[in-house]
Amino acid sequence: MLQSIESALGTLGGIIWGPYVLIPLLLLTGLYLTVRLGGLQFRKLGSALRLALFERKDAEASGGDVSQFQALTTALAATVGTGNIVGVATAISIGGPGALFWMWVTGLLGMASKYAEAFLAVRYRTTDAKGEISGGPQYYLERGIRNGFGKFLALFFAVAAALAAFGIGNMTQGNSIASNVESSFGLPTWITGIVLTAFTFAVLVGGIKSIGRVTAAFVPIMIIFYVLGALFILVVNVAELPAAIALIFTDAFTGTAAVGGFAGSAIMLAVQMGVARGLFSNESGMGSAAIAAAAAQTTHPVRQGLVSMTQTFIDTLVVVSFTGLVLITTGVWEKGADFAATMTGDAFSSGLPGQWGHYVVTIGLVMFAYSTILGWAYYGERCMERLFGRPAVMPYRVVFSLVVFVGCTVPLAVVWNFADVMNGLMAIPNLIGLLLLSGLIARETKHYLDNDPKLHADRKQVEAFMEGHPGAIDSYERTGR
């Protein structure tokens, strides 16, 4: 029975992530939004990073549940996970080094998609019965596309996201933590499961404010810890770096011939693995990170859109790049796809003294995966709130925490396939919505940046140039526009 389900999910996932559905939809949506927004992710990256990492407190609005930085780290917590370690290894071992190039392309174009969905999340956000902020595709698809089709897209997304949270945001992460801790430190998986379940519930019971405080302290440390380890290896292997970079670009358009234990790949396989694992890593276009963006304290949707855009840059252009370059410069990628689960650990072990490599990767993976659990728990509960109201939130938190133990202690082949399918089903309605609402996004973005090109305006200045103009925060509640 389980084998039949696994096979069916694998087939469905292959169709969704194949060359005729999500890959062209993702790339073309990102490209279209990049053109419509005038290359916003390139023009405003520096200002966006400043706004994200060095936000000015006098620029914050009173609305929202968490600061812009906490909203960013919550979204980063959900995205910087096993995809940055195991996902990159899988992509390169199957698709060749050229897959990393297509992950970069997905990231660069995905920054426009991430901006657009975060913009809409703040633009159309609302509050639940307890006064907490709710927003994301489950709301903006219905409010922005005002017909039955918009409501259908919104509900479809909410169901897919609530289910996906148990897969990609829960059991797969818990399993990765437990198996790696057992391998490195000999701790039984059931003990890891109990500890992880208890810590998860302790954080989740406090809601987004608790999650935001934890991720704001936790995420920067985990990223710096991992990147420093990777940077040491690249410095040691600096002589191999030029050849590795050249291989990434040539392999992206020529495919890889058989090398050592690697069976080879066609160009399409490099593209497919790069795009699929790129989205798996940074979630641009899926709409999930928009749920966290909606909770941010900010003066205008454009500002939070730019802050959220940096999440994809940090995830893919920084963390993923370091993982990929370590795999290629150490030569470990040639082992083949059967070793993808341990490949990054092997690469770090070969590049760092003694057994430090495996410990760095294990500790990094534990931090990445645990933070992903926290971020996705919030995504799932906001979708449950949309579907069943506020009373569904606390039961969801309890069940979500308990399922972490299940993920730590049982095999998950079926769950991985289920997660791939649900991720794809989340992305499709959101990408359709981004295309249909692209005119509004471009128009409102231009109006804001014409009045605040350097992103220095404080709250009073923003209110002054937005007076009488629909498109400010909460204007939908007042005007329905």
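Just so it is clear, the model here is predicted, and its values are computed rather than measured.

Help me understand the overall build of the protein chain, please; the structure alone is not making it clear to me.
A count of helices and strands for the protein chain gives 22 helices and two strands. Here the C-alpha radius of gyration of the protein chain, 21 Å, is about what a compact globule of 481 residues would show, namely 23 Å. Taking the principal axes of the C-alpha coordinates as reference, the protein chain spans close to 65 × 45 × 40 Å. Burial statistics for the protein chain: of 481 residues in total, 62% are counted as buried.

What's the story with the pattern of salt bridges in this structure? I'm lost.
Side chains that differ in charge, positive against negative, can pair when their charged atoms come close. Taken as a whole and judged by the stated rule, the model has 11 salt bridges. Glu381 is the salt-bridge partner of Arg382, the closest N and O atoms lying 3.3 Å from each other. Exposure class is identical for Arg382 and Glu381. Each is buried. Ionic pairing is found between Arg459 and Glu463, a salt bridge with its closest N-O pair at 3.3 Å. Separated by four residues within a single helix, Arg459 and Glu463 lie in helix H21 (residues 459-466), roughly one turn from each other. Its relative accessible area of 35% is what places Arg459 among the partly exposed residues. When salt bridges with common partners are traced through the structure, they connect Asp128, Glu132, Glu381, Arg382, Arg390 and Arg397 into a single cluster.

How do you make sense of the nonpolar core when you look at a structure like this?
Among soluble globular proteins, nonpolar side chains are generally buried collectively. Counting residues in each nonpolar core, the largest one holds 151 residues, and the members touching the most others are Tyr115, Leu120, Ile223, Phe348, Trp376 and Tyr379. Ignoring sequence-local partners within four residues, the contact set of Phe348 consists of Tyr226, Gly229, Ala230, Ile233, Val326, Gly357, Val360 and Val361.

Please explain unusual backbone geometry as it appears in this structure.
Leaving glycine out, the prevailing phi sign among residues is negative, and the prevailing peptide bond configuration is trans. Unlike most non-glycine residues, Leu455 shows phi in positive territory, near 60°. Relative to the elements of secondary structure, Leu455 occurs in the loop between helix H20 (438-451) and H21.

Help me understand the packing of aromatic side chains in this model?
Within a pair of aromatic rings, the relevant descriptors are the distance that separates the centres and the angle that separates the planes. Applying the stated criterion to the full structure yields 16 aromatic pairs. Aromatic side chains Tyr448 and Phe465 sit 5.4 Å apart centroid to centroid with 65° between the ring planes, which places their arrangement in the edge-to-face category. Remark: Phe465 occurs in helix H21 and Tyr448 occurs in helix H20; sequence separation between them is 17 residues. Classification of Tyr448 by relative accessible area gives buried; the value is 0%. Aromatic rings pair up to connect Phe101, Trp102, Trp104, Phe249 and Phe253 into one cluster. The ring centre of Tyr124 lies 4.8 Å from the NZ or CZ of Arg123, which sits over that ring. One Lys or Arg, Arg386, reaches over the ring of Tyr139 and ends 5.7 Å from the middle of that ring.

Would you mind showing me how to read the confidence of the model for the protein chain here?
Regions with low pLDDT should not have their predicted coordinates read in detail. Here the protein chain shows a mean pLDDT of 86. Residues at 70 or above account for 92%. Note on residues 257-265: pLDDT is under 50 here. Beyond four places in sequence and across chains, it has 22 contacts.

Would you take a moment to explain the environment of Pro301 for this structure?
The residue Pro301 is located in helix H15 (residues 301-329) in this model. Separated by 140 residues in the primary sequence, Pro301 and Ile441 place their C-alpha atoms 9.7 Å from one another.

Sorry, what's going on with a nonpolar patch on the surface here?
Taken together, the side chains of Phe185, Phe225, Trp356, Tyr359 and Ile363 define a hydrophobic patch exposed on the protein surface, amounting to about 510 Å² of accessible area. The greatest single-element share of the nonpolar patch, amounting to three residues, is contributed by helix H17 (residues 356-388).

Before we go on, may I ask you to explain helix H7 (residues 98-123) in this structure?
One full turn of an α-helix is made of 3.6 residues, so residues set three or four places apart face in the same direction. Over its 26 residues, H7 runs 38 Å from end to end, which matches the ideal 38 Å to within 8%, given 1.5 Å per residue. H7 sits mainly inside the fold: 25 of its 26 residues count as buried.

How do you make sense of helix H9 (residues 148-185) when you look at a structure like this?
Helix length check: H9 (38 residues) gives 54 Å between terminal C-alpha atoms against 56 Å at 1.5 Å per residue, within 8%. Within H9, the axis deviates most sharply at Ala164, by approximately 45°. Two or three places before Phe149, at the start of H9, stands the capping residue Asn147, its side-chain oxygen 2.9 Å from that residue's backbone nitrogen. Taken from the residues just after H9, Gly186 is the one with a positive phi, measuring 75°.

Help me understand the packing of H20 against H21, please; the structure alone is not making it clear to me.
If you want to describe how two helices pack, look at the angle between their axes and the distance between the axes. It is the contact of H20 with H21, at a shortest axis distance of 10 Å, that shows an interaxial angle of 125°. By the criterion of interaxial angle, the relationship of H20 to H21 is oblique. Crossing of H20 against H21: the hand is right-handed. Contact with H20, carried on its side by His447, Tyr448 and Asn451, involves Val462, Phe465 and Met466 of H21 and no other residues of that element. In terms of residue class, the contact of H20 with H21 is built from four nonpolar, two polar and no charged.

Can you help me understand the environment of Gly380 in this one?
Within the secondary structure layout, Gly380 lies in helix H17. In this structure the C-alpha to C-alpha distance between Gly380 and Ala164, which are 216 residues apart in sequence, comes to 8.0 Å.

Sorry if this is basic, but what is going on with the environment of Ala290 here?
Here Ala290 lies in helix H14 (residues 288-293). Note on Ala290: relative accessible area 1%, which makes it buried. Through-space distance from the C-alpha of Ala290 to that of Gln304 is 9.8 Å; in sequence the pair is 14 residues apart. Residues within four places of Ala290 in sequence aside, it is in contact with Glu117, Ala118, Ala121, Gly135, Gly136, Pro137 and Tyr140.

Looking at this model, I keep getting lost on the packing of H9 against H17. Mind explaining?
Between H9 and H17, whose axes approach to 8 Å, the crossing angle comes to 160°. If you check the angle between H9 and H17, you find them roughly antiparallel. Crossing of H9 against H17: the hand is left-handed. In terms of residue class, the contact of H9 with H17 is made up of 22 nonpolar, 11 polar and one charged.

Conventions and cut-offs
- Residues numbered from 1 in each chain as written.
- Predicted model: local features only at pLDDT ≥ 70, side-chain atom pairs only at ≥ 80, totals over all residues.
- Heavy atoms only, no water.
- Helix = DSSP H or I, 4+ residues; strand = E, 2+ residues; numbered from the N terminus.
- Rg over C-alpha atoms; globule rule 2.2 N^0.38 Å.
- Buried < 20%, exposed > 50% of the residue type's maximum accessible area, 1.4 Å probe, protein only.
- Salt bridge = Lys/Arg side-chain N within 4 Å of Asp/Glu carboxyl O.
- Core = buried A, V, L, I, M, F, W, Y, C linked by side-chain atoms within 4.5 Å.
- Contact = heavy atoms within 4.5 Å.
- Phe/Tyr/Trp six-rings, centres within 6.5 Å; stacked < 30°, edge-to-face > 60°.
- Lys NZ or Arg CZ within 6 Å of the ring centre and 35° of its normal.
- pLDDT = per-residue confidence, 0-100.
- Patch = residues over 30% accessible without salt bridge, like charges linked within 9 Å, V, L, I, M, F, W, Y side chains within 5 Å.
- Areas by Shrake-Rupley, 256 points an atom, 1.4 Å probe, with all protein chains shown as cover.
- Expected span 1.5 Å × (residues − 1).
- Bend = angle between axes of the 7 residues up to and from the residue.
- Polar contact = N/O pair within 3.5 Å; in protein donor to acceptor, adjacent residues only side chain to side chain.
- Axes fitted to C-alpha atoms, helices over the stretch in contact; angles between N-to-C directions.
- Parallel < 35°, antiparallel > 145°, perpendicular 65-115°, else oblique.
- Left-handed = near helix turned anticlockwise from the far one by under 90°.
- Nonpolar A, V, L, I, M, F, W, Y, C, P; charged D, E, K, R; others polar.

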